[in-house]
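Observations on the three-dimensional arrangement
Listed below, chain by chain, are the residues.
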Amino acid sequence: MFSRPLSHGARLAPLEVWHADELADHMDRAREHIRPWVGPTFVTDDVDGARATLTRYADRRARDAGGLFGIWRDDVLVGGVLFTTFDAAAGTCEVGCWTEPAAQGHGLVTRACTVLLDWALVTRGLHRAEWQCRADNERSAAVARRLGMTLEGVRREAWSFQGDRYDQQLWAVLAHEWRPGP
Ligand SMILES: CC(C)(COP(=O)(O)OP(=O)(O)OC[C@H]1O[C@@H](n2cnc3c(N)ncnc32)[C@H](O)[C@@H]1OP(=O)(O)O)[C@@H](O)C(=O)NCCC(=O)NCCS
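Residues numbered from 1 in each chain as written. Predicted model: local features only at pLDDT ≥ 70, side-chain atom pairs only at ≥ 80, totals over all residues. Heavy atoms only, no water.

**Here we look at the packing of aromatic side chains**
Here is the rule we go by: Only centres within 6.5 Å qualify two rings of Phe, Tyr or Trp (six-membered ring in Trp) as a pair; their planes then separate them into stacked at under 30 degrees, edge-to-face at over 60, and tilted for everything else. Throughout this description, buried means an accessible area under 20% of the type-specific maximum (1.4 Å probe, protein chains only), exposed means over 50%, and partly exposed covers the range between. Think of it this way: any DSSP run of H or I at least four residues long counts as a helix, any run of E at least two long counts as a strand, and we number them from the N terminus.
Following the criterion strictly, the structure yields five aromatic pairs and no others. Geometrically, the ring pair formed by Phe83 and Phe86 is edge-to-face, given 5.1 Å between the ring centres and 75° between the ring planes. For Phe83, a relative accessible area of 2% gives the class buried. A ring pair is formed by Phe86 and Trp119, whose centres lie 5.5 Å apart and whose planes are at 35°; its orientation type is tilted. Linking Phe86 in strand 4 (residues 76-87) with Trp119 in helix 3 (residues 108-123), this pair joins segments that are 33 residues apart in sequence. What makes Phe86 buried here is its relative accessible area of 5%. Overall, the relative accessible area of 28% leaves Trp119 in the partly exposed class. An aromatic cluster of three or more residues is present, and its members are Phe69, Phe83, Phe86 and Trp119.

**Examining the UniProt feature "domain: N-acetyltransferase" (unreviewed entry) in the protein**
Here is the rule we go by: UniProt positions are given in the numbering used here, feature names are shortened, and annotations may be inferred rather than shown by experiment.
Mapped onto the present numbering, the UniProt feature "domain: N-acetyltransferase" (unreviewed entry) falls on residues 15-172. The span residues 15-172 carries 35% helix and 35% strand; its end-to-end C-alpha distance comes to 25 Å.

**Focus on the side chain of Ser7**
The cut-off we apply is this: Contacts described as polar in this section are N or O atom pairs within 3.5 Å, which, within protein, must combine one atom able to donate a hydrogen with one able to accept it, while residues neighboring in sequence count only if both atoms come from side chains.
Mapped onto the fold, Ser7 is located in the loop between strand 1 (4-5) and strand 2 (10-14). On the accessibility criterion, Ser7 (16% relative accessible area) is buried. Only 2.9 Å separates the side chain of Ser7 from the side chain of His8, close enough to count as a polar contact.

Printed below as a string of structure tokens:
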């Protein structure tokens, strides 16, 4: 019902429990594309798994501790952005993202993250927004860079995937550095 236009016929809107069937269908298109890069609990196999993700984030949203937002293009769910964490008292949050392959490369994620960061850093008055990604996730690091974030450091071998360990980058932008794009 409530959505924000992005571009290319896409819109950003809250991704809620009643979207479980849509999220499950989208996961069928996105699963192998996102699996190496996102937390394992986010990669679900069926409608019950999708509903569990949505319920988890609905609970975080109710506690003002996170949030999940979908990107729909031509009324098909093609990806999303999220507050993995949101802590108003501490003045910090962490933002994340994903898309299915067909929606990648159009600037939709950068635009959607801009909406979240503007809300967190301006409307809600948070001081610091973080971004974490595997150090070899070039597309994710490129989004952080486009958002004006600074690479603050590397958590060595902090990311575990299929028996191997990978370095993890920490990016962040502070409220006084935040300049939303056009
Ligand atoms: C990370 C991920 C979400 C990035 O998606 P993306 O589509 O590359 O990101 P953007 O929305 O910023 O799009 C950037 C591309 O659109 C282009 N673009 C077009 N218009 C643009 C605009 N107005 N603003 C920004 N980019 C624009 C950019 O030039 C860029 O193209 P290029 O990659 O060919 O150089 C995606 O690769 C993904 O889902 N990966 C797997 C899951 C994952 O890694 N999630 C993050 C975990 S940390």
